[in-house]
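Overview (structure and organization)
Single-letter residue listing:
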Amino acid sequence: MSLALKIILVINALIIVYFLLVNGTYLLHNLIALGAIRRYNFTRAITDYERPFYSTFYKPVSIIVPAFNEEKTIVETVRSVLSLRYPEFEVVVVNDGSSDGTLESIKMAFALWETDETFDYDIPCEEIRAVYRSDEHPNLKVVDKENGGKGDALNAGVNVSSFPLFCNIDADSVIDAWSLLQIVKPFVEDHRVQAAGGVVRVANECDIEGGEVRDIRLSRKWLVRFQTVEYLRAFLFGRLGWSSLQTLMIISGAFGIFRRSAVVEVGGYRTDTVGEDMELVLRMHRMMCSRGKDYRFTFLADPVCWTQVPEDLASLSRQRRRWQRGLGESLAMNRGMMLNPRYKWVGMLGFPFFFLFELLSPVIELTGYLIFVVSLILGALNLPFVIAFLVSAILLGILLSVSSIFLEEISFHKYPRLRDVLTLCGFAVLENFGYRQLTAWWRLRGLIELLFRRRGWGKAKRRHFKSVREAEAVR
Amino acid sequence: MLTALIYISGGLLAIILMLLAAIIVRRVRYDRYRRRYQARTRIWEPLFFSYLEGEDTGGRIAATLRTEEDYLSFVKFITFYLKNLSGEEAQAIADLAFRTGVSRRLYADLKSRRSKRRAVAATTLGLLNDRNVLPYLKRMLEDRDPYLVYAGAYGIACLREYSLFMPVMRTLLSRTPITYEGASELLVRFGEGICPTLADILREALARYERVSEREGEILGRDSPAKENRLRESPGGEPGSGFQVDLGDFVEVSMLVDILGYFRYADAGELLLQVMEKSGDEEITIHVLKAVVRLRTPQAAHRIAPLLDHPNWVIRSQAIRALGVLGEKMYRPDIQARLQDRQWWVRHYAAQALEALA
């Protein structure tokens, strides 16, 4: 046997071991998430979400909405946020130097006027040009600042915010009316909680009226349906599983809530990464562990933030490359945590997992496809074995996705039509034939861009939410 | 290896198909349950209201409860009204639950091995004001699961069993990770009868502070050793036994202040002001200011006025708000001066206070 063939066989064996490890861990995660959902259903049974709405004891919350070129969705998003059910909250919209009509559209929609309000720069951020307020909505603040990226916009929002908790949501998102009460609940139930994240779900084609999601529909676009399955998988068993292990390493930038004092203490969001949400959580872990603090980062599967996902391949490719770069940057910036027992489960389990099975997975996955083809050509592997392996790999992928849909079915029933749920199951099968490989390719490109130090967010195409599109059509 | 892979694939396919079947079955069952629940509530609503009006004895509702699902649905149905009704109507619902056998079912659930059933039974029986359940609820306070402890505490609080107020408060703060906001939310269910006890705890803390400061000239603040959280560390103790807080325990003191403010317990006005002045803690000061607004303590204005220049803007804004509510016109010029404050909220409350004083 030639040396080349031996090397190929060794690589093949390594890929199979890697595959077993990844999927074994994911399956374990599934089981943990199942337990967590059952527990969550139990706590929901004795939780009265309406009473706190009338309570005087809840901590007030600042909701920070960073916006960059979001003129199509920003008004609807702010309306949605202002209609939230919560005893005391303020909304801080941060216009991060948009070059479109973002600021003008909110100024007009909410009759804003410029204040001479002052605040402390607790965290460094780009210059704030003006702060606006609205007479119609005294709890609305709009910050206009120089462009500095999402992390910088969030830092500006934290500086201007007045309350002990802040919740960040994306400007192209809508959150369910009761979501804020639900996501604040851990801060009432457990004094150790420093941050909490909620579920992000796909809003494309959903009916949104008066800032609330009225009818949840599955999009007709295939690309959106694939992402719907991905989001269910990532949130319902991914984050829930990590949270149960006290190893939550990411709280989505689209919907998360933090103790303001803890974020200020670590110096706020970093502005030199596109993965500022994950990086912040990792840095907070580091700070809390190094100070020996008993703390919790938690994930809740009930509070929902509805977001628009890309509907074209180019936008999706940019998003996935950016996410991969963000993941790589966050891990690189906190590399001292890798296999460091000082950081407990995060250092010993979460960090190595994200490095090996999330960051490097596109390299291994695509190498695997390539090596299998080469092995077949060279006759190192026989065809029946390769086919049997690929079939089991695909079935395992389908199993993971279908089990997320099952978790959804035993808990939240967000999709009211059985047809939609079954369609999702169909897409859990279809995603393995092309879509999964495509995302692996984009992630690999993201990794290459990371190595070549490419920066920036890229431009995403935004649409109005469905209600706005319909209103405009009527006009 | 190939055979193993074929078996694995077969196994995976079987699991996927089972999951798909489970998804469909669960969905169909869920939809049917939802439809049936809606149909039941359509039947129950008129019967229930005629029962509350005294036009029916509840027999017709009892006749509709045949299956386990009927009972569970009825518990869900009445829980909504129990949370929103009080007095005679709440008592009437409790009587209905007894007559229809719902209480009996809930007792059985209290002994269930399933935590969820026990927790729901404990909270619902508490809401039904069924005092026979107290021994079970007391036992739940000792459970290892903090949620069951919470459910037991909730039930006891709904029953307004004052003799268990202290053990409940101590258990919540020492054996569950609950925050003081969460504990306050639950403790207020005991009703305003707990206020004298809470005021006594604060009085003792104040007296102890005075004794200590006389002896040692010690200033109790957040950095003082007295800040050590005694409640969370106390090992349990006998039911009914007291506990103590120090003025440095700003979290617990704030909780007590909040509850007294919530019930507008006027007798505590002077006490709260003394706590604020003696503790010197900013957190406690903010809570006292908020409580004073609810209590409308007449002598408070002169004691609050010096806080208009406090370096903490939250304290400045709350002090202005309090002065506005208390209606003390002599501080109008001072409040007017705060219209130039660098903090928007301070200016906002100053404008509001001036409007109230106009």
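Here is what the cut-offs are and how they apply
Residues numbered from 1 in each chain as written. Chains lettered and ligands numbered in written order. Predicted model: local features only at pLDDT ≥ 70, side-chain atom pairs only at ≥ 80, totals over all residues. Heavy atoms only, no water. Helix = DSSP H or I, 4+ residues; strand = E, 2+ residues; numbered from the N terminus. Rg over C-alpha atoms; globule rule 2.2 N^0.38 Å. Buried < 20%, exposed > 50% of the residue type's maximum accessible area, 1.4 Å probe, protein only. Contact = heavy atoms within 4.5 Å. Areas by Shrake-Rupley, 256 points an atom, 1.4 Å probe, with all protein chains shown as cover. Lys, Arg positive; Asp, Glu negative; His and termini not counted. Charge placed at Lys NZ, Arg CZ, Asp CG, Glu CD. Buried area = accessible area lost by both parts, 1.4 Å probe. Salt bridge = Lys/Arg side-chain N within 4 Å of Asp/Glu carboxyl O. Polar contact = N/O pair within 3.5 Å; in protein donor to acceptor, adjacent residues only side chain to side chain. Nonpolar A, V, L, I, M, F, W, Y, C, P; charged D, E, K, R; others polar. Phe/Tyr/Trp six-rings, centres within 6.5 Å; stacked < 30°, edge-to-face > 60°. Pairing = 2+ DSSP bridges. Axes fitted to C-alpha atoms, helices over the stretch in contact; angles between N-to-C directions. Domains from an automatic or database assignment. Parallel < 35°, antiparallel > 145°, perpendicular 65-115°, else oblique. Left-handed = near helix turned anticlockwise from the far one by under 90°. Patch = residues over 30% accessible without salt bridge, like charges linked within 9 Å, V, L, I, M, F, W, Y side chains within 5 Å. Core = buried A, V, L, I, M, F, W, Y, C linked by side-chain atoms within 4.5 Å. pLDDT = per-residue confidence, 0-100. Expected span 1.5 Å × (residues − 1).

**Quick look at the overall build of chain A**
A tally of helices and strands in chain A yields 15 helices and twelve strands. Its C-alpha radius of gyration of 23 Å places chain A within 12% of the 23 Å reference for a compact globule of 475 residues. Across the 475 residues of chain A, 63% fall into the buried class. If you take every contact in chain A between residues at least 6 apart in sequence, the share linking residues at least 24 apart comes to 80%. For chain A, the computed accessible surface area is about 18200 Å², with 59% contributed by carbon and sulfur atoms. Across chain A, the centroid of the 57 positively charged side chains sits 7 Å from that of the 52 negatively charged ones.

**As for the interface of chain B and chain A**
Taken together, the contact between chain B and chain A spans 48 residues of the former and 56 residues of the latter. Taken together, both faces of the contact between chain B and chain A bury some 4800 Å²; the carbon and sulfur share is 66%. At the boundary of chain B with chain A, the tally comes to four salt bridges. Arg39 of chain A is the partner of Asp145 of chain B in a salt bridge, and the nearest nitrogen-oxygen pair spans 2.8 Å. Linking chain B to chain A there are eleven residue pairs in polar contact (both at pLDDT 80 or more). Elements with a contribution of two residues or more to the side of chain B that touches chain A: helix H1 (2-52), helix H6 (115-127), helix H8 (146-159), helix H10 (180-187), helix H13 (250-262) and helix H19 (344-357) of chain B. Looking at side-chain class alone, the side of chain B that touches chain A contains 28 nonpolar, seven polar and 13 charged residues.

**Topic: the packing of aromatic side chains**
Residues and elements named next belong to chain B. On inspection of all chains with the given rule, the structure shows 36 aromatic pairs over all chains. With a centroid separation of 5.3 Å and an interplanar angle of 80°, the aromatic rings of Phe48 and Phe77 are classed as edge-to-face. Pair noted here: Phe48 is in helix H1 and Phe77 is in helix H3 (residues 68-84), with a separation of 29 residues, a long-range link. The two residues Phe48 and Phe77 agree in class, both being buried. When the ring of Phe49 is compared with that of Tyr81, the centres are 5.9 Å apart and the planes differ by 90°; the resulting orientation is edge-to-face.

**Considering the pairing of strand E8 (residues 193-202) of chain A**
Residues and elements named next belong to chain A. Most of E8 sits inside the fold, with ten of its ten residues counted as buried. Here eight bridges tie E8 to strand E12 (residues 296-307), and the two strands are oriented parallel to one another. Looking across to E12, one finds that Ala196 is bridged to Thr298. Sheet topology places E8 next to strand E11 (residues 255-259); three bridges connect them, and they run antiparallel.

**As for the sheet that holds strand E5 (residues 140-145) of chain A**
Residue and element names in this part refer to chain A. The strand order E3-E4-E5-E2-E1-E6-E11-E8-E12-E7 describes an open sheet built from ten strands, whose pairing is mixed. Only two strands of the sheet have a single partner each, and these edge strands are strand E3 (112-115) and strand E7 (173-175). For this sheet, the mean angle separating the axes of adjacent strands, direction not counted, is 30°. In terms of strand pairing, strand E6 (residues 165-169) meets E11 through five bridges, oriented antiparallel.

**Examining the pattern of salt bridges**
Applying the stated criterion across every chain yields a total of 47 salt bridges over all chains. Between Asp190 of chain A and Arg192 of chain A there is a salt bridge whose closest N-O contact spans 2.8 Å. With relative accessibility at 17%, the residue Arg192 of chain A sits in the buried group. The salt bridge partner of Arg27 of chain B is Glu409 of chain A, with a shortest N-O separation of 2.8 Å. With Arg27 of chain B in helix H1 and Glu409 of chain A in helix H12 (residues 383-411), this pair bridges two chains. No difference in accessibility class separates Arg27 of chain B from Glu409 of chain A, as the two residues are buried.

**Here we look at the domain arrangement of chain B**
Domain boundaries assigned for chain B yield domain 1 (44-158), domain 2 (160-212 + 225-295) and domain 3 (305-358). Of note, the centres of domain 1 of chain B and domain 3 of chain B, computed from C-alpha atoms alone, are 48 Å apart.

**Thoughts on the packing of helix H9 (residues 165-175) of chain B against H10 of chain B**
Residues and elements named next belong to chain B. In contact at an axis separation of 10 Å, H9 and H10 are set at 155° when each is read in the N-to-C sense. Overall, the two elements H9 and H10 adopt an arrangement that is roughly antiparallel. As for how H9 packs across H10, the hand of that crossing is right-handed. Residue-level inspection shows Phe165, Val168, Met169, Leu172 and Leu173 of H9 in contact with H10, the latter providing Ala183, Leu186 and Leu187. Looking at the contact of H9 with H10, its residues break down into eight nonpolar, no polar and no charged.

**Some words on a nonpolar patch on the surface**
Residues and elements named next belong to chain A. A contiguous nonpolar patch, built from Leu376, Leu383, Ile387 and Val391 and spanning about 310 Å² of accessible area, is present on the exposed surface. The element contributing the most residues to the nonpolar patch is H12, with three residues. The partly exposed category is assigned to Leu376, whose relative accessible area is 30%.

**So, a negative patch on the surface**
A cluster of acidic residues, Glu53, Glu55, Glu88 and Glu89 of chain B, forms a negative patch at the surface. Judged by its relative accessible area of 62%, Glu55 of chain B falls in the exposed class.

**Remarks on a positive patch on the surface**
Side chains of Arg38 of chain A together with Arg26, Arg29, Arg32, Arg35, Arg114 and Lys116 of chain B sit close together on the surface and give a patch of like positive charge. In terms of residue count, the dominant contributor to the positive patch is H1 of chain B (four residues).

**Comments concerning the nonpolar core**
Judged by nonpolar contacts, the single largest core of 155 residues is most densely connected at Ile63 and Phe258 of chain A. The leading source of residues in this core is H12 of chain A, at 15 residues. Beyond its immediate stretch of four places on either side in the chain, Ile63 of chain A contacts Val81, Leu84, Phe89, Glu90, Val91, Val92, Cys167, Ile169 and Leu180 of chain A. Within the second largest apolar cluster, 116 residues are counted, among which are Ile156, Phe263, Met276 and Tyr331 of chain B.

**What about unusual backbone geometry?**
Positive phi is not limited to glycine here, since Ala111 of chain A has a value of about 50°. Within the secondary structure, Ala111 of chain A is located in the loop between helix H3 (102-109) and E3. In this structure, Arg296 of chain B takes a positive phi of about 50° despite not being glycine. Within the secondary structure layout, Arg296 of chain B lies in the loop between helix H15 (282-295) and helix H16 (300-304). In this structure Arg296 of chain B comes out as exposed when scored by relative accessible area, which is 53%.

**Details of the confidence of the model for chain B**
Residues and elements named next belong to chain B. Across chain B, the average pLDDT comes to 86, with 92% of residues at 70 or higher. Every residue in residues 219-241 is under pLDDT 50, and counting partners more than four places away or in other chains gives 46 contacts. Both scores are given for the predicted complex: the pTM is 0.84, the ipTM 0.84.

**Looking at H8 of chain B**
Side chains that are three or four residues apart share a direction in an α-helix, a result of its 3.6 residues per turn. The terminal C-alpha atoms of H8 of chain B, which comprises 14 residues, lie 20 Å apart, in line with the 20 Å expected from a rise of 1.5 Å per residue. The element H8 of chain B is largely enclosed, with a buried count of eleven among its 14 residues. For H8 of chain B, the complete set of buried residues consists of Leu148, Val149, Ala151, Gly152, Ala153, Tyr154, Gly155, Ile156, Ala157, Cys158 and Leu159 of chain B. The elements touched by buried residues of H8 of chain B are helix H1 (3-45) of chain A together with H3, H6, helix H7 (134-140), H9 and H10 of chain B. Two or three places before Tyr147 of chain B, at the opening of H8 of chain B, Asp145 of chain B has a side-chain oxygen 2.9 Å from that residue's backbone nitrogen. Two residues or fewer past H8 of chain B, Arg160 of chain B is found with a positive phi of approximately 55°.

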